[in-house]
Amino acid sequence: MTPEISTSNLFTATGLLLAATALWYLYRGYVVRSHFQRLQRQGVPMLPHNPILGHLGVVGVLMADLPRDVHGDYLMVLIQDNWRTLFDKKYEKCPPAVYLDLWPVSPPMLLSLDPSMTAQFTQDVNVEKSPAQGNFLRPFTGNTELASSHGALWRKLRKRMNPGFSAQAIRQQLPALLEEVEVFRDILISRTGKDGNWGSVFTLEKPVTMLTLDYIGRFTLDLRLHEQTTPLTPYSAAMLDTLPWLAIHIHIGNVLTLFNPWRRFKLWRNRHIMDSYLEPLLQKRADLVAEKRPGAGTALVDKLFQAIAAEPPNTVPADPAPPMAYVMAEAKHTLFAGHETTAFSLAWLFQTLSRHPDILAKMCTEHDAVLGTDPAAAATCLRENPHLLGQLPYTTAVIKESLRIHTNVGTLRAGSPGFALYGPPNSGYEGVAFPTEQCVLWDGNFALHRNPKYWPRPLEFLPERWLTTDPDDPLHPVRNAYRPFELGTRNCIGQHLAMTEMTMVLALVVRTVEVEEAWDEWDAQRGVSLKKKKDTVWGERLYQVSKHGPPHVKDGMPVHVRLRQQ
Ligand code: HEM
């Protein structure tokens, strides 16, 4: 018997589904708002909470002057800077943690604005990641990799992954990785104008993203993807097409996207393309490792196959997937986590250097002294003397300072009943309990890095902060306050790899090519009138925008480049 689906049945089913969704939203809204009202009655420090709107009203007013596409990270800075007007007059200091009830735009949050407070859930106790992170990665990796795992399994997988990210492992791959950075430098040179003039405008997001894809592909698979010079590989095309369909939270703005059947098809199809691309490559690496042939052990995935083979059988806890599927998930996550974060950090570095010619000149002097005065020979010099990469303290300080001001991502952890954060010493809230039940614990590293309490002259770009060794120097960084890669055992496993990449880029590029933002040309190219009001944050055209994954740069950061005058 063939089932008949009439139009009226379809309408009824859709109506019921919509009604059930609406009821769920209402019920969930009631639960969340009641929870925050209860906390407010208990006297927990909180922004004024409205029983109907939660904190939507107060946050809406706070964000009203910002462009619509601005990243949510700016909210934490606004709260930190405006706490006096936002909180009850009885409070004499900004609370170290701020409750945010923005349902249905985001889940209930407890935002930490104090380094000691964040340490309580990342270092004193390594609290589990928020389930939101797992939800985000599920369609992509099936949650069988390190970043989605918890507890004993996470410890096992982290131990397995750590050797692949060690300084020694990175150094082993340095000559190959340098080749990818050389391609990037040559692409920038090809964009310069004639006779030392600026070339035409382009968005920096594309070349930095292609560089980071080539770099992380080489590191993970010992394979040249050639994303910088040829059309995207099917793998990268499918991965980049997948990312906009992933969501960290279900909220009112993306609920239709998440239930869109087209999304399911896209995710399924892209996953099929990615897996089909990776499978033969991984099989080849597994064979190479098993047969101990030359080159085995170079790629990150080789080290994973080697580690699995060296583990006693049936170790507990059991792996989330058989070896090949597990390594594939780990490779996919590494290719994802290792590209956009570094790409956008590089974009900000170039912006910062163009605004600080004195700092740029000082960096070039360091490169001349350590790598030789011929910029074109820097790659050869580094290939022959990879240890020199560790002898560029000023360059490292510049990168660290850029990551402080233009922090990319933070951590989201899962609050739970019975687990509270406590106001730290000298916070003005000593011993005050901030219950975490129902809340996502959000480290406010973007705001923390701009807080004058921890960073004197916070908005000034001062690489000297990272060169002082005197703990009494006011510029000396405060314990736990610097967290671009987060701190604690669950910090970023790729931080040395990312720092190496950024150092190599600066070492090869800044003495050869100048990069500058080119908004006027960008506007002219798109026919945008000079008189039209432009989106800005704090008076700047370049700001962090909210897209999928980590914060992106506005409009891809339009720039032009020219050859540096020697
Ligand atoms: C400038 C570049 C980067 C920044 C700012 C950055 C930042 C971070 C942060 C803040 C975390 C902690 C996230 C959390 O707790 O939810 C993290 C975790 C992680 N990062 Fe990075 N990252 C960068 C580059 C990389 C690279 C190049 C890789 C890999 C090749 C990588 C792989 C990972 C992985 C696998 C984790 C999860 C670690 C775990 O759960 O044990 N990251 N990263």
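What counts and what doesn't
- Residues numbered from 1 in each chain as written.
- Predicted model: local features only at pLDDT ≥ 70, side-chain atom pairs only at ≥ 80, totals over all residues.
- Heavy atoms only, no water.
- Phe/Tyr/Trp six-rings, centres within 6.5 Å; stacked < 30°, edge-to-face > 60°.
- Helix = DSSP H or I, 4+ residues; strand = E, 2+ residues; numbered from the N terminus.
- Buried < 20%, exposed > 50% of the residue type's maximum accessible area, 1.4 Å probe, protein only.
- Lys NZ or Arg CZ within 6 Å of the ring centre and 35° of its normal.
- Pairing = 2+ DSSP bridges.
- Axes fitted to C-alpha atoms, helices over the stretch in contact; angles between N-to-C directions.
- Near = heavy atom within 4 Å.
- Polar contact = N/O pair within 3.5 Å; in protein donor to acceptor, adjacent residues only side chain to side chain.
- Nonpolar A, V, L, I, M, F, W, Y, C, P; charged D, E, K, R; others polar.
- Donors = N, O, S within 2.8 Å, 3.2 Å for Na, K, Ca; no water.
- Domains from an automatic or database assignment.
- Contact = heavy atoms within 4.5 Å.
- Buried area = accessible area lost by both parts, 1.4 Å probe.
- Salt bridge = Lys/Arg side-chain N within 4 Å of Asp/Glu carboxyl O.

## Some details on the packing of aromatic side chains
Under the criterion given, the structure shown has 19 aromatic pairs. Summarising the aromatic geometry, the rings of Y91 and Y429 are spaced 5.8 Å apart at their centres and angled 35° between planes, so their arrangement reads as tilted. Here Y91 is found in the loop between α4 (83-86) and β1 (97-100), whereas its partner Y429 is found in the loop between β5 (420-422) and β6 (433-435), with 338 residues between them in sequence. Each member of the pair, Y91 as well as Y429, carries the same accessibility label: buried. An aromatic cluster is built from W24, Y25 and W103, whose rings are joined through pairwise contacts. In this structure, R28 packs its charged tip against the face of W103, placed 5.7 Å from the ring centre.

## Observations concerning the sheet that holds strand β4 (residues 412-414)
Read from one edge to the other, the open sheet built from 4 strands follows the order β1-β2-β7-β4, with strand pairing classed as mixed. Pairing within the sheet leaves two strands with one partner each, and these edge strands are β1 and β4. Between one strand and the next, the sheet's axes are offset by a mean angle of 25°, whatever the strand orientation. As paired elements, β4 and strand β7 (residues 440-443) share 3 bridges and run antiparallel to each other.

## Brief notes about the site of the ligand
Contacts to the ligand come from 30 residues, most closely from W154, R158, T411, R490 and C492. Separating an oxygen atom of the ligand from a side-chain N or O atom of K129 is a distance of 3.3 Å. With respect to the ligand, the side chain of R490 contributes an N or O atom lying 2.9 Å from an oxygen atom. Its residues assigned to classes, the shell around the ligand comprises 14 nonpolar, 11 polar and 5 charged.

## Concerning the coordination of the iron atom of the ligand
Exactly one donor from the protein chain reaches the iron atom of the ligand: C492 (SG), at 2.3 Å. If you trace the backbone, C492 turns up in the loop between α19 (445-448) and α20 (495-509).

## Observations regarding the domain arrangement of the protein
For the protein, the domain assignment lists domain 1 (26-125 + 417-448) and domain 2 (150-408 + 484-563). Taking the mean C-alpha position of each, domain 1 and domain 2 sit 32 Å from one another. Domain 1 puts 18 residues into the contact, and the matching count from domain 2 is 21 residues. Between domain 1 and domain 2, roughly 1700 Å² of surface is buried when both sides are summed, and carbon and sulfur atoms account for 59% of that area. Taken as a group, D69, H71 and Y74 account for 30% of the area that domain 1 buries against domain 2, more than any other trio of residues on that side. Residue K554 is joined to D69 by a salt bridge in which the shortest nitrogen-to-oxygen separation is 2.7 Å. Our count for the contact surface shared by domain 1 and domain 2 stands at 5 residue pairs in polar contact (both at pLDDT 80 or more). Contributions of two or more residues to the side of domain 1 that touches domain 2 are made by α3 (73-81), α5 (115-124) and α19.

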